[in-house]
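Fold and contact review
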Amino acid sequence: MGTLTARLAGVARAAGVRIETGRPVAAVDVGAGGRATGVTLSCGTSVPARAVVAACDPFTLDGLIAGGLQGGAKASLDRARLATAPATTAKLQLCLSSLPTFACLSEPRGQHRTTSHLLVGAQEPRAASGAMAALARAEAAARAGDAPCEPGDHPPIEFYFHSDADSTVRDAEGRHSAALFVQLAPAAPRRGALDPGAAGWTPAAKAEYTKRLLSVVASFAPGIEGCVHEAVLFTPDDVRSHFGIASAHIHHVSNTLALDARFPHTVPGVGGLFCASAGTHPGGSVTGCGGFLAAAAAAAALGVAVPRVRVRSGGWSEPG
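Residues numbered from 1 in each chain as written. Predicted model: local features only at pLDDT ≥ 70, side-chain atom pairs only at ≥ 80, totals over all residues. Heavy atoms only, no water.

On to the pairing of strand β5 (residues 89-96). Taking burial as the measure, the eight residues of β5 include six buried ones, the bulk of the element. As defined by bridge partners, β5 adjoins strand β8 (residues 176-183) across eight bridges and the pair is classed as antiparallel. Its bridge partner being in β8, Gln-93 is matched across the sheet by Ala-179. In the sheet, β5 pairs with strand β9 (residues 228-234) via six bridges, with the strands oriented antiparallel. The residue bridging Lys-91 from the neighbouring strand is Phe-234, located in β9. (Buried < 20%, exposed > 50% of the residue type's maximum accessible area, 1.4 Å probe, protein only. Helix = DSSP H or I, 4+ residues; strand = E, 2+ residues; numbered from the N terminus. Pairing = 2+ DSSP bridges.)

Before going further, it helps to examine the layout of surface pockets. Reported here for the second largest pocket is a volume of approximately 360 Å³. Surrounding the second largest pocket, 19 residues form its lining, Thr-88, Glu-139, Leu-184, Ser-254 and Thr-256 being those nearest its centre. Where the lining of the second largest pocket is concerned, the elements lending two or more residues are α3 (71-84) and α4 (131-143). By residue number, the principal contributor to the lining of the second largest pocket is α4, which donates five residues. Residues belonging to the lining of the second largest pocket are distributed by class as follows: nine nonpolar, eight polar and two charged. (1 Å grid on protein atoms, 1.4 Å probe; cavity = no way out; pocket = protein on both sides within 12 Å on 5 of 7 lines; lining within 4 Å. Points joined across faces, edges and corners; volume = space filled by probe spheres on them. Nonpolar A, V, L, I, M, F, W, Y, C, P; charged D, E, K, R; others polar.)

With that settled, the discussion passes to the sheet that holds β5. The strand order across the open sheet built from five strands is β6-β7-β8-β5-β9, with neighbouring strands paired in antiparallel fashion. Looking at which strands have only one partner, the edges of the open sheet turn out to be β6 (116-118) and β9. Each strand of the sheet is rotated relative to its neighbour by a mean of 20 degrees, with strand direction disregarded. Running over the sheet, helix α6 (residues 203-220) touches β5, β6, β7 (157-161), β8 and β9 and is turned about 120 degrees from β9. (Axes fitted to C-alpha atoms, helices over the stretch in contact; angles between N-to-C directions. Contact = heavy atoms within 4.5 Å.)

Tracing the sequence through the fold places Asp-195 in the loop between β8 and α6. Of the side chains bearing the opposite charge, Arg-191 lies closest to the buried Asp-195, which forms no salt bridge; the N-O distance is 7.6 Å. A distance of 2.7 Å separates a polar atom in the side chain of Asp-195 from a polar atom in the side chain of Thr-202. The residues touching Asp-195, leaving out its near neighbours within four places in the chain, are Thr-202, Ala-204 and Ala-205. (Lys, Arg positive; Asp, Glu negative; His and termini not counted. Salt bridge = Lys/Arg side-chain N within 4 Å of Asp/Glu carboxyl O. Polar contact = N/O pair within 3.5 Å; in protein donor to acceptor, adjacent residues only side chain to side chain.)

Moving on to unusual backbone geometry. At the junction of His-281 and Pro-282, the peptide bond is cis and its omega measures out at 0 degrees in the coordinates. By secondary structure assignment, the location of Pro-282 is in the loop between β10 (273-275) and α8 (289-302). One non-glycine residue, Ala-248, lies in the positive phi region at around 65 degrees. Along the polypeptide, Ala-248 turns up in the loop between α7 (236-243) and β10. One non-glycine residue, His-252, adopts positive backbone phi at about 75 degrees. Take His-252: it is sitting in the loop between α7 and β10.

Written out as structure tokens, the structure is:
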């Protein structure tokens with residue numbers, strides 16, 4: 001993902017774009033006609049613009065508009081807020097001294113270059129006691145502040161191994177980068193759920209949840225604990241504070257929100273304002289569809305013709 005961002009930045013600079021970082025936006029300026037006229041930075045500097053494209057989550061964008069979003073934009077935001085609260089996603093970042101061996105596939109078949117879904121109840125996917133029932137139990141537990149996380153009773157987990165596909169993200173000792181994406185983790189663990197002495201994501205709660213997550217993985221990949229050099233857990237609170245995502249949801253809005261119900265990339269009621277984040281229609285994790293649609297809408301509003309470019313294996317092709 002960092003390589004993709006660097007490539008896009010390089011193309012933008014070559015076209016004359018000036019990129020500044022570490023300059024937080026305090027407000028989107030809206031003129032009397034209800035049209036975005038630029039942004040005001042936290043240092044007080046005003047930057048005029050014919051169009052504003054925001055990559056932040058829709059809830060953060062709402063806070064950048066004086067008086068908040070109104071009309072259709074507010075209705076869309078309210079639907080997203082209702083579906084998204086409380087946030088229930090967590091991520092466990094892992095540094096692995098070696099790649100684990102899955103019990104179901106011990107020989108190398110490229111399995112570490114995929115997304116591995118660790119599901120509970122999937123052995124009976126069509127039965128009432130199967131996967132859907134297990135998901136319902138995990139959701140109810142998370143909303144109650146509980147954290148069941150053991151073999152046979154755990155939330156849905158996705159396992160990624162970034163460095164097997166891209167060796168450049170290994171460290172100097174050749175260790176691997178990996179991560180667990182946990183859906184239906186508790187937004188705020190109740191007292192005793194993870195820490196006998198306190199509620200919330202205390203250091204003890206984070207350590208216990210990390211231990212439990214690895215025990216779940218061990219039921220699919222025995223010996224995973226011996227592969228872990230370092231582990232860092234990002235709870236919903238950490239997603240909010242570290243990454244600046246107001247909803248504390250890694251996808252900006254809940255994945256239960258229908259694609260056509262997500263925030264529009266052309267912001268209703270504010271001309272010249274476009275939202276390019278993962279929380280916009282049609283969502284899609286890291287596909288970039290929201291940004292593509294927002295960029296296309298902004299270009300059309302500015303009367304800028306954008307050539308289509310075909311992407312082939314090995315790099316960019318000629319426009320066509």
